[in-house]
Amino acid sequence: MPVPVDGTRIIAADREPGNWLTHGRTYDEQRYSPLTQINDENVGELGLAWYLEFPTRRGLEATPLVVDGVMYTTGPWNVIYALDAETGRELWRYDPKVPMERLRYTCCGISNRGVAVWNGKVYEGTIDGRLIAVDAGSGELVWQVQTTDPEQPYSITGAPRVVNGKVVIGNSGAEFGVRGYVTAYDAGTGEQVWRFYTVPGNPADGFETPAMEMAAETWTGEWWKYGGGGTAWDSFAFDAELNLLYIGTGNGGPWSRHARSAGRGDNLFLSSIIAVNADSGEYVWHYQTTPGDSWDYTATQHMILADLEIDGETRKVLMQAPKNGFFYVLDRATGELISANNFVPVNWTTRIDMESGRPALIPENYYPEKPVVLRPGPIGAHNWKSMSYHPGTGLVYIPVLETFFIYSNDPAFKYTPGLWNLGQAPELTEPPNDADGGTSSFPFGAHLAAWDPVSQREVWRIQHKGLWNGGVLTTAGNLLFQGAADGDFSAYRVDSGERLWRIPVQTGIIAAPITYMVDGEQYIAVNAGWGGTWSLIGGARPVLDHPPAHDRLLVFKLGGDQQLPPPPEKPVIPAPPPLTASADQVKKGGVLYNNICYVCHGAGAVSGGTIPDLRHMAPATHGAFNDIVLGGALSANGMASFADVLNEADAEAIHAYLISRANEDRQP
Ligand code: CA
């Protein structure tokens, strides 16, 4: 049975609040539901209605969609599931069979943030850069296009949006050396309609658009050799009346402007919000949140559209809290900055100048010679975790990170395509803390902030135990739902922040919840599964007294009485083989590890539990170490061969470093 979702239905989504038709529920991406059956009076009766368990512990980031009683979501490895939203019964699944060794070209695991649905088809972007269209009724493939050059280290983790019959998709890979762009494809046929590059290519090849010619004025040197970055890997929003599609773009590649653009220029359109004509992809306006970004301060974060009363006038605004720690309110017709205020302590700039709309830039903070300690750090004051805007309270709820970082130019930096190219000296050698991924000298924190976008002030906050928490849902039932790193899925009063209900789910939650209704009954759904950047790079674990459970999709209703099986028990950690290498070999292995391995296996070889902790390898893994690292023996699990960048002596040095880290881990 085809699912006739189209623009008319999505624009009028409030007429059918039982459905969740697009990523942010509505084109304005407010993630607010008008449903009230579950509310602040009865939320204590919420219980598990059903759950779907995946065989992995890799993390889940997807926002499920619900259309007329059918739920569409993505599990690990880009598998799409269609489920009976009332019972969880599987209707079909589609496995796009992504090559698992592509994981080498991702920063953050096999993340996928969900699908789009339009006129009887379900759309997904895959980790190997495809956009696929599957029949919503049968689960059969209808068409697929390769949206990226498969020879380049592109990946896709974001959810597509469909506007005016066009499927819009971006990509990721700035740190690996790619050039960002967004493409729109005909939803029916998969034919390309337009492409908007977010950073300029080599001027000698000519510019694709006048916008690229303008952008190239703000770059210096031979940036195109490094790709440039500016990848649009997560957020979009759409104003149907203005026919504007809003694109949030990412950081530069490499991070440091010195390594990328001879230390000069704004480097458009890095870390920017760009408005384009939804039908032609033509540039309309942009606002750059972080000119000349050198700190991984992406503006790919969630954008929310709303009409706000500001100074006695109703303004059509776009709101964003990018990684750089400021909350921005823009006029979404013109891109004019209405207001900006920092929602965490920041020191990369002193203020945003309201005349020019630009931050005051402090030359030393570009760390030309000396390292600088800046807040926020590269995972930001706010990452991809969805916010929510509640029109009743007028507040935006932000999953806030309290972080900082030592930024330092690596004078020995050499660009290597396909590896993690930051241009940063490896300053942070202290092993990370378990729960927050910070270190004892640099502890991190996190909270949920209720933020007034008109007065630009925090109204209240909920302090979290761990750093890497979930996205937010608010409802007209005076409720706010959020999962956390401590394994609790909780409901709070949206007006006061008082916690009304919680349930332990045996793993950390990083995804955002949704709500929907089938046959007159309201449900709350959330993907529970620990993973993503901060589990991998940061090595942060969920705050639990047991290992995280398998990834699961959990669905709740009033009076739900399903139970989860008991949580996993702590494994016995095997002893490493004796360390026979010299101190120099261990040191060399540590440097290689920090250049190549840590992006997945964690700083200091501390795993956040998403992939095996290399300090805890079994004897058989130690025995097969070179077969795995050079021979690709585990490429089917996502561990590709690195024989192109490592020789046998390198692999042995890395092995020695890991044995030394295992010994340190075993010290009382
Ligand atoms: Ca980045």
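Located above this text is the structure these notes cover.
Attention in this report is confined to the structure presented alongside it.

Thresholds, definitions, all that
- Residues numbered from 1 in each chain as written.
- Predicted model: local features only at pLDDT ≥ 70, side-chain atom pairs only at ≥ 80, totals over all residues.
- Heavy atoms only, no water.
- Disulfide = S-S within 2.5 Å.
- Pairing = 2+ DSSP bridges.
- Helix = DSSP H or I, 4+ residues; strand = E, 2+ residues; numbered from the N terminus.
- Axes fitted to C-alpha atoms, helices over the stretch in contact; angles between N-to-C directions.
- Contact = heavy atoms within 4.5 Å.
- Polar contact = N/O pair within 3.5 Å; in protein donor to acceptor, adjacent residues only side chain to side chain.
- Phe/Tyr/Trp six-rings, centres within 6.5 Å; stacked < 30°, edge-to-face > 60°.
- Lys NZ or Arg CZ within 6 Å of the ring centre and 35° of its normal.
- Core = buried A, V, L, I, M, F, W, Y, C linked by side-chain atoms within 4.5 Å.
- Buried < 20%, exposed > 50% of the residue type's maximum accessible area, 1.4 Å probe, protein only.
- Expected span 1.5 Å × (residues − 1).
- Bend = angle between axes of the 7 residues up to and from the residue.

### Re the state of the cysteines
Here is step 1: Evaluated as defined, the whole model comprises one disulfide.
Here is step 2: Each sulfur in the disulfide pair Cys107 and Cys108 lies 1.9 Å from the other. Its S-S torsion of approximately -90° makes the covalent link between Cys107 and Cys108 left-handed.
Here is step 3: Of the cysteine sulfurs around Cys600, a residue in no disulfide, the closest is that of Cys107, at 8.4 Å.

### Brief notes about the sheet that holds strand β12 (residues 166–169)
Here is step 1: An order of β11-β12-β13-β14 is seen for the four strands of this open sheet, with the pairing classed as antiparallel. A strand with exactly one partner marks an edge of an open sheet, and here the two such strands are β11 (161–163) and β14 (192–197). Recorded for the sheet is a direction-independent mean angle of 25° between the axes of neighbouring strands.
Here is step 2: Two strands pair when backbone bridges link them, and β11 and β12 are joined in this way by three bridges, in the antiparallel orientation. From the neighbouring strand, Arg161 faces β12, where its bridge partner is Val168.

### Some remarks on the environment of Gln320
Here is step 1: Position of Gln320 among the secondary structure elements: in strand β22 (residues 313–320).
Here is step 2: As a C-alpha pair, Gln320 and Gln463 span 143 residues in sequence and 21 Å in three-dimensional space.
Here is step 3: Contact partners of Gln320, with chain neighbours within four places excluded, come to Ile273, Thr289, Ala299, Thr300, Gln301, His302, Met303, Phe326, Phe327, Tyr328 and Met387.
Here is step 4: Separated by 2.9 Å, the side chain of Gln320 and the backbone oxygen of Gln301 make a polar contact.

### Considerations on the sheet that holds strand β6 (residues 90–94)
Strand pairing in a sheet relies on backbone hydrogen bonds. The paired strands run either parallel or antiparallel.
Here is step 1: Here we have four strands laid out as an open sheet, ordered β3-β4-β5-β6, and antiparallel in their pairing. Of all strands in the sheet, those bounded by a partner on one side alone are β3 (65–67) and β6. Within the sheet, the average angular offset between the axes of one strand and its neighbour, ignoring direction, is 20°.
Here is step 2: Alignment of strand β4 (residues 70–74) against strand β5 (residues 80–84), held across five bridges, turns out to be antiparallel. Along β5, the bridge assignment pairs Val70 with Asp84.

### Here's the deal with the packing of aromatic side chains
For any pair of aromatic rings, geometry is given as the distance between the ring centres together with the angle between the planes.
Here is step 1: This model, assessed by the stated rule, comprises 36 aromatic pairs.
Here is step 2: The structure contains a cluster of three or more aromatic residues connected by ring pairs, namely Tyr287, Trp295, Tyr297, Phe326, Tyr328, Trp348 and Tyr366.
Here is step 3: Looking at Arg104, its charged tip hangs above the ring of Phe642, at a distance of 4.2 Å from the centre.
Here is step 4: One Lys or Arg, Arg257, reaches over the ring of Tyr366 and ends 4.0 Å from the middle of that ring.

### Observations concerning the nonpolar core
Here is step 1: Among the nonpolar cores identified, the biggest contains 90 residues, and Met71, Tyr72, Phe481 and Tyr516 are the most heavily contacted of them.
Here is step 2: One finds Leu244, Met319, Leu419 and Phe642 within the second-largest nonpolar core, a separate group that totals 72 residues.

### Section: the environment of Ile406
Here is step 1: By secondary structure assignment, the location of Ile406 is in strand β30 (residues 405–407).
Here is step 2: For the pair Ile406 and Thr334, spaced 72 residues apart in the sequence, the C-alpha separation amounts to 36 Å.

### A closer look at helix α5 (residues 583–601)
Here is step 1: End to end, α5 covers just 22 Å across 19 residues, shorter than the expected 27 Å (1.5 Å per residue, more than 12% under).
Here is step 2: Along its length, α5 shows its largest kink, about 55°, at Asn595.
Here is step 3: Along α5, the residues classified as buried are Val586, Gly589, Gly590, Leu592, Tyr593, Ile596, Cys597, Tyr598, Val599, Cys600 and His601.
Here is step 4: Considering only its buried residues, α5 is in contact with α4 (533–536) and α8 (648–666).
Here is step 5: Within two residues after α5, Gly602 carries a phi angle of roughly 95°, on the positive side.

### Remarks on the side chain of Gln482
Here is step 1: Relative to the assigned elements, Gln482 resides in strand β34 (residues 479–483).
Here is step 2: Polar contacts involving the side chain of Gln482 include one to the main-chain carbonyl oxygen of Gly470, which spans 2.8 Å.
Here is step 3: Residues within four places of Gln482 in sequence aside, it is in contact with Pro399, Leu448, His464, Asn469, Gly470, Gly471, Val472, Asp488, Phe489 and Ser490.

### With respect to the pairing of strand β8 (residues 121–125)
Here is step 1: When you tally the buried positions in β8, you get five out of five residues, the bulk of the element.
Here is step 2: Here β8 shows no split at all, with Lys121, Tyr123 and Gly125 on one side and Val122 and Glu124 on the other all buried.
Here is step 3: One ladder, built from three bridges, connects strand β7 (residues 116–118) with β8; its direction is antiparallel. Of the residues in β8, the one forming a bridge with Trp118 is Lys121.
Here is step 4: Counted along the chain from β7 to the antiparallel partner β8, the turn is two residues long, and its residue Asn119 has a positive phi close to 45°.
Here is step 5: Here β8 runs beside strand β9 (residues 130–135); their pairing, made up of five bridges, is antiparallel.

Everything listed here is a matter of geometry and, on its own, says nothing about what the molecule does.
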